[in-house]
Amino acid sequence: MAAPTGALWRRLLRSAAVRRLCGTAAAEEPERAVVNVVFVDSAGRRVEARGRVGDNVLQLARECGVPIEGACEASLACSTCHVYVSAPHLEHLPPPCEREEDLLDTAPQLRVESRLCCQLTLLPPLEGAVFTLPRVTRNFYVDGHVPKGH
Amino acid sequence: MAAPARVGLRRWLSSRAPAPRICVVGSGPAGFYTAQHILKHHDLAQVDIYEKLPVPFGLVRFGVAPDHPEVKNVINTFTHTARSDRCAYYGNVTVGRDVTVGELQQAYHAVVLSYGAEDNRVLGIPGENLSGVYSARAFVGWYNGLPENRDLKPDLSCETALILGHGNVALDIARILLSPLDFLRKTDITDCSLAALACSKVKRVWLAGRRGPLQVAFTIKELREMINLPGTQPVLNPADFTGLENAVKDAPRPRKRLTELMIKTALEKHREKAVMAQAAVPRQWGLKFQRSPQEVLPTADGMRVRGVRMALTRLEGSGDSAKAVPTGDMEELECGLVLSSIGYRSLPLDPAVPFDTQHSIIPNNLGRVMGVPGLYCSGWVKRGPVGVIITTMNDSFDTAQSVLEDLQEGVLDVSVSKEGFGAVGSILRSRGIRPVSFSEWEKIDAAEVARGKAAGKPREKIVDPQEMLQLIGH
């Protein structure tokens, strides 16, 4: 029997845009400038995050509930934290080390703008940067909405 | 709608729905990532993970090389999942023997098969069963403490080893055979293997593949590690790479970078060799291409391997689909140790589960087992035995997605409540099987870590399942 509550739930939430503002910039730290970035998960949901210069991008994402995995815990031994960096901001990042390049070679749907976000640190020129998760698996919305037609 | 009200409404709605009970068979990355995704996206689902060994984590524990500890960090993610309220681990339960898939299907709303590939492909050539010939799978299991391979006792008294295959497993074995002992001493390699490697006479390792440099399956990180291995010299024949720089000009980045590294190494090392004395470097490894093993040749007494007769091949077609065709020419390669690294292979688990014997996988569509509602699969048993952590992670999330969709759409009928371990536990008891819980695994874990401490190792793996069970009072 299909759950009627499920259908009700989907109707209630479908129109609700999910916009979360979170991050590590809550505490007062005047010596570290705020950097606002956006994460877009594989379901297309945007999460706005306020970090500070020096913050690790993977850590910031996870603190904001963005579903990025970090299997090897930032030790450059996997590619599960693979993201696409918005084009204008890509050039402001220090280039990847050889090991990051080698691991990117194992990431599905590799693009020119691909980076492993455990290797990225917030800098002022990254203000407004958008980090997008690759759409490798089918989408599943946190609220239970399942898009049809996959 | 404001966030607090949404959460409240959601909780109220959730509390009206019955809790789905899901069973996962296999506690390696596929099993754990599938469980993780279901638990995260369903507030009520309870997931039980079954494992045939007392200890969890599958290939992360038994496949990843001892000198790659960072890859094993993912165990922390899996431990977090196992410790969650709605997840339970049951080790020492062999599905298909101690409990059938049918019995699991009666006890759970959905069953996910994530039991991986416990066997290997065979060469199918004469002499394959001679002493001194091992499957890569067994050799890796041996140095990683997999109980079924603990008595392998590979003979490392020869100078030359031949590994058949050009994948990462082949490179792992070459690296373990040639690594300076000091590199291995502080890893979780088993004591027994370390002792055997300390007495090893192996100083030359060839990796031979049927096809060419453009078809190698290993990845650049592992190749670079091998090239840079202290105390060793790569032996790559520049003639094998003629014209390839041009051939990969427009290839996808991974193939291009990998080929360029091989070319660079072949040319550099060739120049160096002409200048330096070879005596300076005690150990060598090299890649041989377009060689297809035809027969393992025996020693005069017929007991052990003394070499392998190889057919030289040419390539028909190009890229991944290139085929190796024998030219008629043969070559004999002298060696005392042969490791066949031509692929892992899954085995059928239970007559109730369809199995594609040609591809050695469970036939499925998006992780839904064909023709068996309520049965799913993830990982190597679903896709075939290739891929690294990210591949299995994405694949497992995909299968979990199918389960979640089927729960959402009512394809899985959760209005009928299921007993889960309540039923399975009784079945196991009646058959004299006592499962190992996750906290019991943590006792075994603590014992291994304590034993390793004295030797400066992250752990000293216990390789005897009986010893593991005794340790926890079973």
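Just so you know, these numbers come straight off a predicted model, no measurement behind them. (Residues numbered from 1 in each chain as written. Chains lettered and ligands numbered in written order. Predicted model: local features only at pLDDT ≥ 70, side-chain atom pairs only at ≥ 80, totals over all residues. Heavy atoms only, no water.)

Caption draft 1: Here's a closer look at the overall build of chain B. The helix and strand tally for chain B stands at 17 helices and 18 strands. What you see for chain B is a C-alpha radius of gyration of 25 Å, in line with the 23 Å of a compact globule of 474 residues. Projected onto its principal axes, the C-alpha coordinates of chain B cover approximately 80 × 50 × 45 Å. In chain B, once contacts between residues fewer than 6 apart in sequence are set aside, the share between residues at least 24 apart is 74%. (Helix = DSSP H or I, 4+ residues; strand = E, 2+ residues; numbered from the N terminus. Rg over C-alpha atoms; globule rule 2.2 N^0.38 Å. Contact = heavy atoms within 4.5 Å.)

Caption draft 2: Local environment of the packing of helix α7 (residues 168–178) of chain B against helix α10 (residues 220–227) of chain B. Residues and elements named next belong to chain B. The N-to-C vectors of α7 and α10 enclose an angle of 20°; their axes lie 10 Å apart at closest approach. Our classification of the angle between α7 and α10 gives roughly parallel. Here α7 and α10 pass one another in a crossing that is left-handed. Between α7 and α10, the contacting residues are Asn168, Leu171, Ala174, Arg175 and Leu178 on the first element and Glu222, Leu223, Glu225 and Met226 on the second. (Axes fitted to C-alpha atoms, helices over the stretch in contact; angles between N-to-C directions. Parallel < 35°, antiparallel > 145°, perpendicular 65-115°, else oblique. Left-handed = near helix turned anticlockwise from the far one by under 90°.)

Caption draft 3: Focus on the UniProt feature "binding site: NADP(+)" (unreviewed entry) in chain B. Residue and element names in this part refer to chain B. With numbering aligned to this structure, UniProt lists the feature "binding site: NADP(+)" (unreviewed entry) at His166, Gly167, Asn168, Val169, Arg210, Arg211, Glu222 and Gly387. Looking at the secondary structure, you find asparagine 168 in helix α7. Excluding residues that lie within four positions of it along the chain, asparagine 168 makes contacts with Phe218, Thr219 and Glu222. Along the chain, glycine 387 falls in the loop between α13 (380–383) and α14 (389–408). Owing to a relative accessible area of 41%, glycine 387 belongs among the partly exposed residues under this scheme. (UniProt positions renumbered as here; feature names shortened; annotations may be inferred. Buried < 20%, exposed > 50% of the residue type's maximum accessible area, 1.4 Å probe, protein only.)

Caption draft 4: Molecular detail of the confidence of the model for chain A. Per-residue pLDDT for chain A averages 81, and the proportion of residues at 70 or more is 73%. In this model, residues 1–20 of chain A is a region of pLDDT below 50 whose contacts with residues beyond four sequence positions or in other chains number 29 contacts. (pLDDT = per-residue confidence, 0-100.)

Caption draft 5: Examining the UniProt feature "binding site: FAD" (unreviewed entry) in chain B more closely. Residues and elements named next belong to chain B. As annotated by UniProt and renumbered to match this structure, "binding site: FAD" (unreviewed entry) occupies Ala30, Glu51, Leu59, Val95, Trp380, Gly387, Val388 and Ile389. A stretch of 360 residues holds the annotated residues, and the largest C-alpha distance among them is 25.2 Å, long enough that they do not meet in one place. Structurally, the position occupied by tryptophan 380 is in helix α13. Under the relative-accessibility criterion, tryptophan 380 is labelled buried at 15%. Discounting chain neighbours no more than four positions away, the residues touching tryptophan 380 are Leu59, Gly116, Ala117, Tyr344, Ser346, Ile361, Pro385, Val386, Gly387 and Thr392. Considering the arrangement of structural elements, one finds valine 388 in the loop between α13 and α14.

Caption draft 6: Local environment of the packing of aromatic side chains. Residue and element names in this part refer to chain B. Per the counting criterion, the structure on display carries 16 aromatic pairs over all chains. When the ring of tyrosine 50 is compared with that of tyrosine 108, the centres are 6.2 Å apart and the planes differ by 85°; the resulting orientation is edge-to-face. Of this pair, tyrosine 50 sits in strand β2 (residues 46–50) while tyrosine 108 sits in the loop between α5 (101–107) and β4 (110–113); the two residues are 58 residues apart in sequence, bridging distant segments of the chain. The pair tyrosine 50 / tyrosine 108 is uniform in exposure class, with both members buried. (Phe/Tyr/Trp six-rings, centres within 6.5 Å; stacked < 30°, edge-to-face > 60°.)

Caption draft 7: Inspection of the side chain of lysine 72 of chain B at higher detail. Residues and elements named next belong to chain B. Along the polypeptide, lysine 72 turns up in the loop between α3 (58–62) and α4 (74–82). With relative accessibility at 11%, the residue lysine 72 sits in the buried group. Aside from chain neighbours lying at most four places away, what touches lysine 72 is Val60, Arg61, Val64, Ala65, Pro66, Asp188 and Lys461.

Caption draft 8: Quick peek at the pattern of salt bridges. Within the structure shown, the criterion is met by 42 salt bridges over all chains. Between lysine 221 of chain B and glutamate 222 of chain B there is a salt bridge; the shortest N-O distance is 3.4 Å. Of the residues examined, lysine 221 of chain B reaches a relative accessible area of 11% and is grouped as buried. Judged by relative accessible area, which is 12%, glutamate 222 of chain B ranks as buried. For glutamate 460 of chain B, the salt bridge is made with lysine 457 of chain B, and the minimal N-O distance between the two is 2.6 Å. Summarising the burial analysis for this pair, glutamate 460 of chain B and lysine 457 of chain B share the class buried. Among the charged side chains, a salt-bridge network with shared partners connects Glu98, Glu101, Asp102 and Asp105 of chain A together with Arg224, Arg253 and Arg257 of chain B. (Salt bridge = Lys/Arg side-chain N within 4 Å of Asp/Glu carboxyl O.)

Caption draft 9: Quick look at the sheet that holds strand β11 (residues 291–298) of chain B. Residues and elements named next belong to chain B. Spatially, the three strands line up as an open sheet ordered β11-β12-β13, and their pairing is antiparallel. With one partner strand each, in any of the chains shown, β11 and β13 (323–334) form the two edges of the open sheet. Taking each pair of neighbouring strands and ignoring which way they run, the sheet shows an average axis angle of 20°. One ladder, built from seven bridges, connects β11 with strand β12 (residues 305–316); its direction is antiparallel. Looking at the pairing, proline 293 lines up with methionine 310 of β12. (Pairing = 2+ DSSP bridges.)

Caption draft 10: Geometry of helix α2 (residues 29–41) of chain B. Residues and elements named next belong to chain B. Look at α2: 18 Å from first C-alpha to last across 13 residues, which is about the 18 Å you get at 1.5 Å a residue. In terms of burial, α2 is a largely internal element, 12 of the 13 residues being buried. Along α2, the residues classified as buried are Pro29, Ala30, Gly31, Phe32, Tyr33, Thr34, Ala35, Gln36, His37, Ile38, Leu39 and His41. (Expected span 1.5 Å × (residues − 1).)

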